[in-house]
Amino acid sequence: MIETKQPRIVHDVADLRRAVQEARAAGRSIGLVPTMGALHPGHVSLVDESARTCGFTIVTIFVNPTQFGPKEDFSKYPRTLEADVALVSAHGADLIFAPATEVVYPPGHATFVEMHGITEPLEGECRPGHFRGVATVVLKLFNMAAPDVAFFGRKDFQQTLVIKQLVRDFDLPIEIRVCPTLREADGLAMSSRNIYLSNEERQQALSLSRALRKAEQIAKAGERDVWKIRDVLQTELAATPAIRVQYAVVADAETLREPATLDRPCVALIAAFVGKTRLIDNCLFEPSA
Ligand code: AMP
């Protein structure tokens, strides 16, 4: 049973570091849950998992400007700090780190993480520079909080691969745990961006999870031809012409390359615009016996 407690809110790196030092001195392991705020039950599931398995849970709330493209929704991204604090208080967070932009990127900041390979397809093609911003801010948060474990959602599948690569390449002594995607009752993956959807768009958005479910069903029924699984995905999406699909693919779950047969863990990934809102979703398939 996770207790309700009032987490400390800190805005400065020095305060964060002091709190982490105290927790370590008390023998507590440090769990980190990086978020951009506008928290929903998907985020909360990561906080729960950290509180369950780590002695001291830090939730970071920072809308990171460097991961947004010039035409993306940085300025209108929802900012709901009070509600976020109330939500994670009931879920065992010990500390909320909510820095101002200048704390993370003081004037003169000039160093960025440039990662090749896994950052390049899919989200990398649709959102140039996105993972440069993600990898940079996550590395900074890791250096600031020095966690033992960091929790990420499978909802952002490619991002989890990018973070794992970052940890490997920079020899970071941090365990990365990937937690399942939380969905609304009708299947829509929870996302801070869902609040942008009108009622009509909310219905159209269901085609993403529906397509993934259909693909999963035929994979589970034994279909091993990746092209056929991809066809099912794309046909289901095409039945909702109001959405604009950016990609709908089946890829190797480690490399994101397209295999011909489903003989290894694969992931179906979709990105689509529903109205002006860009949504992503995915589904992992393990080859069954
Ligand atoms: P964000 O605030 O969108 O940057 O997300 C912060 C973390 O929450 C990331 O690791 C996301 O993958 C994770 N997350 C977002 N939506 C969900 C969801 N529906 N289920 C589980 N985790 C999620």
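Below you will find a few notes about this structure. (Residues numbered from 1 in each chain as written. Predicted model: local features only at pLDDT ≥ 70, side-chain atom pairs only at ≥ 80, totals over all residues. Heavy atoms only, no water.)

## Some words on the packing of helix 1 (residues 13–25) against helix 6 (residues 130–145)
The line we're drawing: The angle between two axes is taken between their N-to-C directions and runs from 0 to 180 degrees, where each axis is a line fitted to C-alpha atoms and a helix contributes only its stretch in contact. Helix and strand definitions follow DSSP, with helices as H or I runs of at least four residues and strands as E runs of at least two, each counted in order from the N terminus. What sets the label is the angle itself: under 35 degrees gives roughly parallel, over 145 gives roughly antiparallel, 65 to 115 gives roughly perpendicular, and the rest give oblique. Contacts: residue pairs with any heavy atoms within 4.5 Å of one another. Side-chain classes follow a simple rule in which Ala, Val, Leu, Ile, Met, Phe, Trp, Tyr, Cys and Pro form the nonpolar group, Asp, Glu, Lys and Arg form the charged group, and the remainder, Gly included, forms the polar group.
One can describe the packing of helix 1 onto helix 6 by two numbers: an axis separation of 8 Å at closest approach and a directional angle of 55 degrees. Looking at the two axes, helix 1 sits oblique to helix 6. Here V13, L16, R17 and V20 of helix 1 lie close against helix 6, whose contacting residues are N143, M144 and A145. Residues belonging to the contact of helix 1 with helix 6 are distributed by class as follows: 5 nonpolar, 1 polar and 1 charged.

## A word on the pattern of salt bridges
The line we're drawing: Salt bridge, as applied in this entry: a Lys or Arg side-chain nitrogen positioned within 4 Å of an Asp or Glu carboxyl oxygen. Accessible area is worked out with a 1.4 Å probe on protein chains only. A residue is then buried under 20% of its type maximum, exposed over 50%, and partly exposed in between.
A complete count under the given rule lists 17 salt bridges for this structure. E216 is paired through a salt bridge with K220; the nearest N and O atoms lie 3.6 Å apart. Within this pair, E216 and its partner K220 are both found in helix 8 (residues 199–220), separated by 4 residues, close to a single helical turn. The partner of D252 in a salt bridge is R264, with the nearest N and O atoms 3.3 Å apart. Of this pair, D252 sits in strand 7 (residues 243–252) while R264 sits in the loop between strand 7 and strand 8 (266–274), and the two are 12 residues apart along the sequence. Residue R264 is classed as partly exposed on the basis of its relative accessible area of 33%. One network of salt bridges, with partners in common, ties together R210, K214 and E236.

## Let's talk about the nonpolar core
To keep it simple, the criterion reads: Throughout this description, the term nonpolar core refers to a set of buried Ala, Val, Leu, Ile, Met, Phe, Trp, Tyr and Cys residues connected via side-chain atoms within 4.5 Å.
Grouped together as the largest cluster of nonpolar side chains are 49 residues, with contacts concentrated most on L16, I58, F97, F142, L256 and L269. No other element matches the 10 residues that helix 6 contributes to this core. The contact partners of I58, leaving out residues within four places of it in the chain, are L16, V20, I30, G31, L32, V33, L95, F97 and A145. If you look at the next biggest cluster of nonpolar residues, it comprises 25 residues, including A215, V250, L262 and I270.

## Thoughts on the site of the ligand
The line we're drawing: Residues are classed as near a molecule or strand on a simple rule: at least one heavy atom within 4 Å of it. Whenever a nitrogen or oxygen atom comes within 3.5 Å of another N or O atom, the pair is scored as a polar contact, on the condition that within protein one atom can donate a hydrogen and the other can accept it, and that pairs from neighbouring residues in sequence are kept only if both atoms are in side chains. Only the protein chains shown count as covering a residue, and every accessible area follows the Shrake-Rupley method with a 1.4 Å probe.
In the neighbourhood of the ligand, 17 residues make up the surrounding shell, with M36, G153, D156, L182 and M190 lying closest. Within the side chain of H43, one N or O atom sits 2.9 Å away from an oxygen atom of the ligand. One of the backbone N or O atoms of M190 is found 2.9 Å from a nitrogen atom in the ligand. Within the complex, the protein chains bury 92% of what would otherwise be the 480 Å² of accessible surface of the ligand. Within the residue set of the shell around the ligand, elements represented by two or more residues are strand 2 (30–35), helix 2 (41–53) and strand 5 (149–153). The leading source of residues in the shell around the ligand is helix 2, at 3 residues. Taken together, the residues of the shell around the ligand sort by class into 8 nonpolar, 7 polar and 2 charged.

## As for helix 3 (residues 81–89)
The criterion, for reference: Here the arc refers to the set of directions running from the helix axis out to each C-beta atom.
Among the residues making up helix 3, those that are buried are D84, V85, V88 and S89. End-on, the buried residues of helix 3 take up no more than an arc of 130 degrees, which puts them together on one face. Of the residues in helix 3, the exposed ones pointing more than 90 degrees away from the buried face are E82 and A86. Against the buried residues of helix 3 lie strand 1 (8–10), helix 2, strand 3 (56–61) and strand 4 (95–97).

## What to know about the side chain of R193
Tracing the chain through its elements places R193 in the loop between strand 6 (175–179) and helix 8. Excluding anything up to four places from it in sequence, R193 contacts F68, D73, Y77, R127, T277 and R278.

## Focus on the packing of aromatic side chains
Test applied: Pairing of aromatic side chains here covers Phe, Tyr and the six-membered ring of Trp, requires ring centres within 6.5 Å, and sorts the geometry by plane angle: under 30 degrees stacked, over 60 edge-to-face, intermediate tilted. Sitting over a ring, as applied to charges here, requires NZ of Lys or CZ of Arg to be within 6 Å of the ring centre and within 35 degrees of the ring normal.
Taken as a whole and assessed by the stated rule, the structure comprises 4 aromatic pairs. Residues F62 and Y105 carry aromatic rings whose centres are separated by 6.3 Å and whose planes lie at 40 degrees to one another, so their mutual orientation is tilted. Of this pair, F62 sits in the loop between strand 3 and helix 3 while Y105 sits in the loop between helix 4 (101–104) and helix 5 (123–126), and the two are 43 residues apart along the sequence. For F62, a relative accessible area of 6% gives the class buried. With relative accessibility at 12%, the residue Y105 sits in the buried group. Their ring planes at 75 degrees and their centres at 6.4 Å tell us that F142 and F152 sit as a pair that is edge-to-face. Taken together, the residues span a long stretch of sequence, with F142 in helix 6 and F152 in strand 5 at a distance of 10 residues. Relative accessible area serves as the criterion here: at 4%, F152 is assigned to the buried category. In textbook terms, an aromatic cluster arises when at least three aromatic residues are bridged by ring pairs, as seen for F68, F74 and Y77. Above the face of the F74 ring, R79 is positioned so that its terminal group lies 4.9 Å from the ring centre.

This is a description of form; function is not addressed.
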